Amino acid sequence: MILPLPATFNPELSSDRLEAVSQWLLDELYATEDDLSRPTDNGYTRGCTTFGRQRNRIISEALSARHAWLGLPNSNNDIVFSVAGVPCRFSNDDPSNPSKDAVLTANRYQLDFLEFATDSEPARFCFIIDRGHDGAAEPRVEFLGFTPSGVIACRWVSNAVRVLRVECQQTLPQPVDVAKPQVAPKRRDEGDAASEAVR
């Protein structure tokens, strides 16, 4: 079923703004995957670090004042940020079968929107970082808008594409010995001295 874009209900939820937030979330996800690749890392260490970095990135972007449309009503662990006044949350979850509170329940900072919404329009919004059914798919972000009764009313999907990363032992090139350079004052040859005398 094709759902309308969030901008259909609120033009402030434009694709460029949603793409910016999505890129921040994905940047932190990729950086965490790259950083936490030791044998002692697992889904838990990566998941906690990813969430913390994503949360801190949104806080940092909001406090930077570079984005007039980005607000921060709640910077606690149950973070709520706003896109042009619309309160939003984020979660690393499965958008087709969500299990996390950020997707399933309204935060107290989102309740005002729910009070004034009709049953057919979205009033609760969440960015969901989707890793696919088995968690191995290329990540993408879905921005979903839910009605007060929890039905998905609108959907936007990021267009982020990342180059495939091959995880294997790669051999590093061997070092090459380089001789120490010879440093000495520059000498003039006779031709240079003669040209200097002509000037």
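One structure accompanies this document, and this report is about it.

The rules behind the values
Just so you know, the residues in each chain are numbered from 1, in the order the chain's sequence is written. pLDDT decides what is reported in this predicted model: residues at 70 or higher carry local features, side-chain atom pairs at 80 or more are listed and counted, and totals for whole chains, interfaces and linings draw on all residues regardless. Each side-chain value is worked out from all heavy atoms of the structure, with water and hydrogens disregarded. Here a pair means two rings of Phe, Tyr or Trp (six-membered ring of Trp) with centres within 6.5 Å. Their orientation is stacked below 30 degrees between planes, edge-to-face above 60, and tilted elsewhere. We count a stretch as a helix when DSSP gives it H or I for four or more residues in a row; a strand needs E for two or more, and each element gets its number in order from the N terminus. Remark: exposure states derive from per-residue accessible area (1.4 Å probe, protein chains only) relative to the maximum for the residue type, with buried under 20%, exposed over 50%, and partly exposed in between. Nonpolar core, defined: a set of buried Ala, Val, Leu, Ile, Met, Phe, Trp, Tyr and Cys residues in which side-chain atoms within 4.5 Å join the residues together. Note on definitions: a residue-residue contact is assigned when non-hydrogen atoms from the two residues lie within 4.5 Å. For two strands to count as paired, DSSP must find a minimum of two bridges between them. Orientation is described by lines fitted to C-alpha atoms, with helices fitted over the stretch in contact, and by angles between N-to-C directions that extend from 0 to 180 degrees.

### Some points on the packing of aromatic side chains
For step 1, the next point in the chain: On inspection of all chains with the given rule, the structure shows five aromatic pairs.
For step 2, the next point in the chain: Taking the centre distance of 5.5 Å and the plane angle of 10 degrees together, the rings of Phe 125 and Phe 143 count as stacked. Taken together, the residues Phe 125 in strand E4 (residues 124-130) and Phe 143 in strand E5 (residues 140-146) connect sequence positions 18 residues apart.
For step 3, the next point in the chain: A relative accessible area of 4% places Phe 125 in the buried class.
For step 4, the next point in the chain: For Phe 143, a relative accessible area of 0% puts it in the buried group.
For step 5, the next point in the chain: Considering the side-chain rings of Phe 127 and Phe 143, the 4.4 Å spacing of their centres and the 45 degrees angle between planes classify their relative orientation as tilted. Residue Phe 127 is found in strand E4, and its partner Phe 143 is found in strand E5; the two are separated by 16 residues along the sequence.

### Structural notes on the nonpolar core
For step 1, the next point in the chain: Counting 26 residues, the largest nonpolar core has Val 21, Phe 81, Cys 88, Phe 90, Phe 127 and Phe 143 as the members making the most contacts within it.
For step 2, the next point in the chain: Elements with a contribution of two residues or more to this core: helix H2 (15-35), helix H3 (43-63), strand E2 (80-83), strand E3 (86-92), E4, E5 and strand E6 (152-157).
For step 3, the next point in the chain: At seven residues, the largest contribution of residues to this core is made by H2.
For step 4, the next point in the chain: Contacts of Phe 90, omitting those with residues within four sequence positions, involve Leu 25, Phe 51, Gln 54, Arg 55, Ile 58, Ile 79, Phe 81, Ala 102, Cys 126, Phe 127 and Ile 129.
For step 5, the next point in the chain: In this structure, Val 103, Ile 128, Leu 144 and Phe 146 belong to the second largest nonpolar core, which totals five residues.

### Quick look at the sheet that holds E2
For step 1, the next point in the chain: Across the sheet, six strands lie side by side as E1-E2-E3-E4-E5-E6; this open sheet has mixed pairing. Taken across any chain shown, the strands that pair with only one partner, and hence form the sheet edges, are strand E1 (70-74) and E6. In this sheet, adjacent strand axes meet at a mean angle of 30 degrees when their direction is disregarded.
For step 2, the next point in the chain: As judged from the seven bridges shared by E4 and E5, these two strands associate in the antiparallel manner. Bridge assignment links Asp 130 to a residue of E5, and that residue is Arg 140.
For step 3, the next point in the chain: Running at roughly 45 degrees to E4, H2 makes contact with E1, E2, E3, E4, E5 and E6 of the sheet.
For step 4, the next point in the chain: Where H3 meets the sheet, its contacts fall on E1, E2, E3 and E4, and the angle it forms with E3 comes to roughly 155 degrees.

Distances and angles like these do not, on their own, reveal function.
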